[in-house]
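Remarks on the overall topology
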Amino acid sequence: NAGVTQTPKFQVLKTGQSMTLQCAQDMNHNSMYWYRQDPGMGLRLIYYSASEGTTDKGEVPNGYNVSRLNKREFSLRLESAAPSQTSVYFCASSRALGLGNQPQHFGDGTRLSIL
Amino acid sequence: KNQVEQSPQSLIILEGKNCTLQCNYTVSPFSNLRWYKQDTGRGPVSLTIMTFSENTKSNRRYTATLDADTKQSSLHITASQLSDSASYICVVSAGTGGFKTIFGAGTRLFVKA
């Protein structure tokens, strides 16, 4: 019963490099999310996907792109990494957007350092 | 501006003692409030959810309260255990159906033997 799986768990990049963070959920959830978590701050929404085939910007989308590959998978891409993108990235899923009484289920995060 | 403020930032207690964590919010229109527990190196896990009409909800040794008038919530942990050491995050959902979620920065709890 994996829930939400994120890969990789750790990554170090040089400024200007690109990479894709992978996320998959096995709960048949419709909605998926990408957050970043920085020290002393609450999680901030980067992008979300209400359902397969749709994606929308969240609070801090600049420098990122996403792809909802299918119902299970939602990837986050950094095209040209910057030191300001050093953070812990969490993927989450929920049954549906707008069902506020449904919890979000989180993966264990990807710890990304940009040198 | 929608905000969620948590206090204290961190807390150290002895095993077996009780503690209370606070959450104040300025979120409108309020939909629901959820407490998450985040262990070190892991993602957040939902503990409780409270809607406007609920003022107390318990989950094992965790009891959450909500005062919608003063826009305050608390999470009380009874008879703490070492495994309670974690960050506790207050999350408020706004809008119809709770579409928009605002995360607090969390309270870091350390339980010592």
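Residues numbered from 1 in each chain as written. Chains lettered and ligands numbered in written order. Predicted model: local features only at pLDDT ≥ 70, side-chain atom pairs only at ≥ 80, totals over all residues. Heavy atoms only, no water.

We now examine the overall build of chain B. Scanning chain B for helices and strands turns up zero helices and 11 strands. Of the regular secondary structure in chain B, the N- to C-terminal order runs β-β-β-β-β-β-β-β-β-β-β. The C-alpha extent of chain B, read off along each of the three principal axes, is 45 × 25 × 20 Å. Here chain B holds 113 residues, and the buried ones make up 44% of them. When contacts within chain B are restricted to residue pairs at least 6 apart in sequence, long-range pairs at least 24 apart make up 56% of them. Total accessible area computed for chain B in this model is approximately 5500 Å², and 49% of it derives from carbon and sulfur atoms. Side-chain charges in chain B split into 12 positive and 7 negative, and the spacing between the mean points of these groups amounts to 6 Å. (Helix = DSSP H or I, 4+ residues; strand = E, 2+ residues; numbered from the N terminus. Buried < 20%, exposed > 50% of the residue type's maximum accessible area, 1.4 Å probe, protein only. Contact = heavy atoms within 4.5 Å. Areas by Shrake-Rupley, 256 points an atom, 1.4 Å probe, with all protein chains shown as cover. Lys, Arg positive; Asp, Glu negative; His and termini not counted. Charge placed at Lys NZ, Arg CZ, Asp CG, Glu CD.)

This brings us to the interface of chain A and chain B. Counting residues at the interface gives 20 residues for chain A, matched by 19 residues for chain B. A combined buried area of about 1400 Å² lies between chain A and chain B, and 54% of that area is made up of carbon and sulfur atoms. Linking chain A to chain B there are one salt bridge. With a shortest N-O distance of 2.9 Å, Arg42(B) and Asp108(A) are connected by a salt bridge. Connecting chain A to chain B are five residue pairs in polar contact (both at pLDDT 80 or more). Across the side of chain A that touches chain B, the residue classes break down as nine nonpolar, nine polar and two charged. (Buried area = accessible area lost by both parts, 1.4 Å probe. Salt bridge = Lys/Arg side-chain N within 4 Å of Asp/Glu carboxyl O. Polar contact = N/O pair within 3.5 Å; in protein donor to acceptor, adjacent residues only side chain to side chain. Nonpolar A, V, L, I, M, F, W, Y, C, P; charged D, E, K, R; others polar.)

Right, let's talk about the confidence of the model for chain A for a bit. Across chain A, pLDDT averages 93, with 97% of residues at or above 70. Across chain A, element-level confidence peaks in strand β8 (residues 74-78) of chain A with a mean pLDDT of 98 and bottoms out in strand β6 (residues 56-57) of chain A with 92. (pLDDT = per-residue confidence, 0-100.)

This part covers the nonpolar core. The biggest cluster of nonpolar side chains holds 26 residues, and the ones touching the most others in it are Val4(B), Tyr25(B), Leu33(B), Trp35(B), Leu75(B), Tyr88(B) and Val92(B). Elements represented by at least two residues in this core include exactly β3 (19-26), β4 (30-38), β5 (45-51), β7 (62-67), β8 (72-77), β9 (86-94) and β11 (107-112) of chain B. Top contributing element to this core by residue count: β9(B), with five residues. Counting 20 residues, the second-largest nonpolar core is a separate cluster that includes Cys23(A), Tyr47(A), Leu76(A) and Leu112(A). (Core = buried A, V, L, I, M, F, W, Y, C linked by side-chain atoms within 4.5 Å.)

Simply put, disulfide is the name for a covalent bond between the sulfur atoms of two cysteines. Residue and element names in this part refer to chain A. Using the criterion set out here, one finds two disulfides over all chains in the structure. Put simply, Cys23 and Cys91 are joined by a disulfide, and their sulfur atoms are 1.9 Å apart. Because the torsion about its S-S bond is -70°, the bridge between Cys23 and Cys91 counts as left-handed. In this pair, Cys23 is assigned in strand β3 (residues 19-25) and Cys91 in strand β9 (residues 87-94), connecting sequence segments 68 residues apart. (Disulfide = S-S within 2.5 Å.)

Next up on the list: the sheet that holds β8(A). All names here are of chain A. The sheet built from four strands is open, its strands ordered β1-β3-β8-β7 with antiparallel pairing. The sheet terminates laterally at β1 (4-7) and β7 (64-68), the two strands that pair on one side only. Across this sheet, the average inter-strand angle for adjacent strands is 15°, counted without regard to direction. (Pairing = 2+ DSSP bridges. Axes fitted to C-alpha atoms, helices over the stretch in contact; angles between N-to-C directions.)

Another point: the environment of Tyr64(A). Residue and element names in this part refer to chain A. Structurally, Tyr64 is set in strand β7. The class for Tyr64 is buried, based on a relative accessible area of 4%. The residues contacting Tyr64, other than those within four sequence positions of it, are Arg36, Ile46, Tyr47, Leu76, Arg77, Leu78, Gln85 and Tyr89. Within the structure, Tyr64 has its side chain in polar contact with the side chain of Arg36 (distance 2.9 Å).

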